[in-house]
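Residues per chain are reported as follows:
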Amino acid sequence: MTSIALKPSAHVRYVLRLADTCLIHAQRLAEWCGHGPVLEEDIALTNLSLDLLGQARALLSHAAQLDGQGFDEDQLAFLRDEPAYLNLTLVEQPMRRSSAHAPGGDFADTIVRNLLVATWLRLHWQQLLGSRDAGLAAIAGKALKEARYHVEHAADWTVRLGDGTDESARRMTAALARAWPYVGEMFADDALDDAAQAEGLGPRRSALREAWRREIDAVLGAAQLAAPPDSPYLSTGSRGVHSEHMGFILAEMQHLQRAYPGGRW
Amino acid sequence: MSENDKPRAEWPLWEVFVRARAGLDHKHCGSLHAPDAKMAIQLAREVYTRRQEGCSIWVVPSAQITASDPGDKDMLFDPMEDKVYRHPTFYELPEAVNHM
């Protein structure tokens, strides 16, 4: 099945950056399904994944509508090529299965990533409630409740693991160090942010940095952890230039739709 | 076996009570393992209310529940078998109050 090509406006790309971050984050979290550290947390992680997938679906449908070429959410999710995905690089990093190139695969990595991303998304949803794009504002209204819970879930775990045993604190510290180099991208503005801010579509990313940092520091403080030093490295997933892991995610995610076009449950 | 798969100490068990709607009572719906009370509420939300089963959750440490001994069942409950007069339907009411 051949790929689709969007000709996305700045407006569509602004929506896709959020949509793809939710989608790929959901895909990674779904890797825990059947592998959670305990039954209850297995269910919790897959519930988080399903919330994010629901948010991604709503945003992708909205982006498809704005794009106006008659594509639907499934085509946007499964038939774009890698450079057309605009998710944060952080969410495509290995989560459960680590590799020689990318250690991870620790429950601590999952909790740290959830905390960083859920807080970032929740701040977006809050701001997007006032978007001049009524569709986006409506999606934000629904997503905000879910994101509040996601933040609480991640924060509660962060405190318990950070302020837990020497071993859990050591793992959380290592997970923070692995995730932190990808934080810069979360607040790096580009032309899309300028346009979104100017048109009342949504916040520029740099505008969320201070509130995000305050909330993260409060949680880390309660957990007896500290944020690692900021890194000058700037990842570029939200501009379509991805890490080596993205291709493998898409291969797994897209295989069925590519092999059996239009296949449905 | 990776480090993650090593057997570990079990979390304590919690009994979960869910209120389906405002005005109804909390009903026992099951139990789960959680490290503490707050996480027990969160995990109960995930496990027992994911299909809109509730609007309020209680959790109680299972260890705090004192239960009757199943071995005492005969002693505790069988003596009530022949005491039908403890049911209000046993009594015939006078005509004057029959519809009270």
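Everything below is about the structure shown above.
Residues numbered from 1 in each chain as written. Chains lettered and ligands numbered in written order. Predicted model: local features only at pLDDT ≥ 70, side-chain atom pairs only at ≥ 80, totals over all residues.

## Side note on the overall build of chain B
Within chain B, the regular secondary structure consists of two helices and three strands. Walking chain B from its N terminus toward its C terminus, one meets helices and strands in the order β-β-α-β-α. A burial count over chain B gives 14% of its 100 residues as buried. (Helix = DSSP H or I, 4+ residues; strand = E, 2+ residues; numbered from the N terminus. Buried ≥ 20, exposed ≤ 12 C-beta atoms within 10 Å, placed from the backbone.)

## Overview of the overall build of chain A
A tally of regular secondary structure across chain A gives 10 helices and zero strands. Reading the secondary structure of chain A in the N-to-C direction produces α-α-α-α-α-α-α-α-α-α. Over its C-alpha trace chain A gives a radius of gyration of 18 Å, about what one expects of a compact globule, namely 18 Å for 265 residues. Across its three principal axes, chain A shows a C-alpha extent of roughly 55 × 40 × 35 Å. In chain A, which comprises 265 residues, the share counted as buried stands at 44%. Taking all contacts inside chain A whose residues are at least 6 apart in sequence as the whole, residues at least 24 apart take part in 73%. (Rg over C-alpha atoms; globule rule 2.2 N^0.38 Å. Contact = placed C-beta atoms within 7 Å.)

## Brief notes about the environment of D217(A)
Residue and element names in this part refer to chain A. Tracing the backbone shows D217 in helix α9 (residues 209-222). Taking the number of C-beta atoms within 10 Å as the measure of exposure, D217 has 13 and is therefore partly exposed. When the C-alpha positions of D217 and S235 are compared, they lie 22 Å apart, and in sequence the two are 18 residues distant.

## Side note on the interface of chain B and chain A
Contacts between the two partners involve 12 residues from chain B and, on the opposite side, nine residues from chain A. Secondary structure elements with two or more residues in the side of chain B that touches chain A: β2 (26-33) and α1 (37-48) of chain B. A per-element tally of the side of chain B that touches chain A places α1(B) first, with six residues. Residues of the side of chain B that touches chain A, tallied by class, amount to six nonpolar, three polar and three charged. (Nonpolar A, V, L, I, M, F, W, Y, C, P; charged D, E, K, R; others polar.)

## Things to note about the packing of helix α1 (residues 10-30) of chain A against helix α8 (residues 191-198) of chain A
The relative placement of two packed helices comes down to the angle between their axes together with the axis-to-axis distance. Residue and element names in this part refer to chain A. Close contact between α1 and α8 brings their axes to 10 Å; oriented N to C, the two are set at 105 degrees. With respect to each other, α1 and α8 are oriented roughly perpendicular. Each of A10, R13 and Y14 in α1 lies in contact with α8, whose residues at this interface are L192, A195 and A196. Considered class by class, the residues forming the contact of α1 with α8 number five nonpolar, no polar and one charged. (Axes fitted to C-alpha atoms, helices over the stretch in contact; angles between N-to-C directions. Parallel < 35°, antiparallel > 145°, perpendicular 65-115°, else oblique.)

Functional significance is not addressed by these values, which are geometric in nature.
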